[in-house]
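Below, each chain spelled out in residue letters.
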Amino acid sequence: MNIDDYCIDGDSKVKLERWRPDDAGEVERDDAEAAMPKLLGKMLDLQERLYASRERSLLIVLQGRDAAGKDGTIKHVMGGFNPLGTRVHAFKAPNELERAHDFLWRIHHNVPETGHVAIFNRSHYEDILVPVVRGMFTPELIERRHEHIRSFEALLADAGVVIIKLFLHISKDEQRERLQERLDQPDKRWKFDPADLQARADWDKYGEAYERLMRKTSTPAAPWYIIPADRKWFRNYLVAQIVVNTLEGLKLGYPAPPKGLDHIRIE
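Here's what I pulled together on the structure shown here. (Residues numbered from 1 in each chain as written. Predicted model: local features only at pLDDT ≥ 70, side-chain atom pairs only at ≥ 80, totals over all residues. Heavy atoms only, no water.)

### Quick notes on the environment of Gly115
Argument step 1. Mapped onto the elements, Gly115 comes out in the loop between helix 4 (105-108) and strand 3 (117-121).
Argument step 2. By relative accessible area, Gly115 is classed as buried at 1%.
Argument step 3. When the C-alpha atoms of Gly115 and Ala209 are compared, they prove to be 33 Å apart, with 94 residues separating the residues in sequence.
Argument step 4. Apart from the residues within four sequence positions on either side, Gly115 is in contact with Leu50, Tyr51, Arg54, Arg56 and Ser57. (Helix = DSSP H or I, 4+ residues; strand = E, 2+ residues; numbered from the N terminus. Buried < 20%, exposed > 50% of the residue type's maximum accessible area, 1.4 Å probe, protein only. Contact = heavy atoms within 4.5 Å.)

### Some points on unusual backbone geometry
Argument step 1. Non-glycine residue Arg54 carries a positive phi angle of around 50°.
Argument step 2. Relative to the assigned elements, Arg54 resides in the loop between helix 1 (29-53) and strand 1 (57-64).
Argument step 3. Overall, Arg54 belongs to the partly exposed group, its relative accessible area being 37%.
Argument step 4. Residue Arg122 is not a glycine yet carries a positive backbone phi of 70°.
Argument step 5. Structurally, the position occupied by Arg122 is in the loop between strand 3 and helix 5 (126-134).
Argument step 6. The partly exposed category is assigned to Arg122, whose relative accessible area is 22%.

### Observations concerning the packing of aromatic side chains
Argument step 1. If you walk through the whole model with that rule in mind, you get 5 aromatic pairs.
Argument step 2. Their ring planes at 70° and their centres at 5.0 Å tell us that Tyr125 and Trp224 sit as a pair that is edge-to-face. Of this pair, Tyr125 sits in the loop between strand 3 and helix 5 while Trp224 sits in strand 5 (residues 224-228); the two residues are 99 residues apart in sequence, bridging distant segments of the chain.
Argument step 3. Using a relative accessible area of 0% as the deciding quantity, one classes Tyr125 as buried.
Argument step 4. For Trp224, a relative accessible area of 0% puts it in the buried group.
Argument step 5. When the ring of Phe167 is compared with that of Tyr210, the centres are 4.4 Å apart and the planes differ by 50°; the resulting orientation is tilted. With a gap of 43 residues between them, Phe167 in strand 4 (residues 161-169) and Tyr210 in helix 9 (residues 203-217) connect regions that are remote in the sequence. (Phe/Tyr/Trp six-rings, centres within 6.5 Å; stacked < 30°, edge-to-face > 60°.)

### A look at the sheet that holds strand 4
Argument step 1. The sheet built from 5 strands is open, its strands ordered 2-3-1-4-5 with parallel pairing. The open sheet has two free edges, formed respectively by strand 2 (86-90) and strand 5, since each of these has just one partner strand. Strand after strand, the sheet turns through a mean of 20° between neighbouring axes, direction not considered.
Argument step 2. Across 5 bridges, the pairing between strand 2 and strand 3 is parallel. In the sheet register, Val88 faces strand 3, and the bridge partner there is Ile119.
Argument step 3. Across the sheet, helix 6 (residues 139-158) lies against strand 1 and strand 4, angled at about 135° from strand 4, the strand it touches most.
Argument step 4. Set on the sheet, helix 9 makes contact with strand 1, strand 4 and strand 5; between it and strand 5 the angle comes to about 140°. (Pairing = 2+ DSSP bridges. Axes fitted to C-alpha atoms, helices over the stretch in contact; angles between N-to-C directions.)

### Description of the packing of helix 6 against helix 9
Argument step 1. Helix 9 packs onto helix 6 with a crossing angle of 45° between their chain directions and a minimal axis gap of 9 Å. With respect to each other, helix 6 and helix 9 are oriented oblique. The way helix 6 lies across helix 9 gives a crossing that is right-handed. Within the contact between the two elements, helix 6 uses Pro139, Ile142, Glu143, His146, Ile149, Arg150 and Glu153 and helix 9 uses Arg212, Leu213, Lys216 and Thr217.
Argument step 2. Classifying every residue of the contact of helix 6 with helix 9 by side-chain character gives 4 nonpolar, 2 polar and 5 charged. (Parallel < 35°, antiparallel > 145°, perpendicular 65-115°, else oblique. Left-handed = near helix turned anticlockwise from the far one by under 90°. Nonpolar A, V, L, I, M, F, W, Y, C, P; charged D, E, K, R; others polar.)

Honestly, that's just the spatial picture; any functional story needs more than this.
Laid out in structure tokens, this is it:
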């Protein structure tokens, strides 16, 4: 499996049909599930180095259609991080205070400080997706928002924030099954939102909006990855691989200890 196959080149035209939602990357399920404990262990070790060095931080952006598995990814993959250095923020529709500021104001408040990891369950990209699908903004305003996001993420990268953006790519058939499961099982019914049905009716519009924003905002400093999400085990495995590879690429180390510790003996 080549992780680069799932990374979007910002210079190319993005078509979601290029990636099969049920793709498994020629990886066997047993092998992937057997590898997960080691991958999660690496994530924990790399996070400790990130925290100790206090030079960089990690921002993971999760986007996807309803029932694509954002919560499951956070639970089964991001759960490998130490909670003490990790924060998850779920972005809902902006409230009155947030609407009184620019659309990135509420995002900047939640960017991780150095040494920490932040995971966004939905993000600033909702402020492009929804207006595009609902026809709320002019094309000129949408394009300016693309530009604002590119500049914003470049600023974060310059400040030492490492950005990974993951689009969980689910098929319409798989979404139908998962939404129906929410309705059929009493302990999952609380997760069902009737508004999801309208988003499902606008399937093609959301797909086109995602394709455009990923093409416009995937950069070397803040790349988009397409994560096939029909198979939960492969989704988790691929996300873990991307996180580990990204952190390993930083060559993280521990800071030098204070001088003179060699001769100290604890009585």
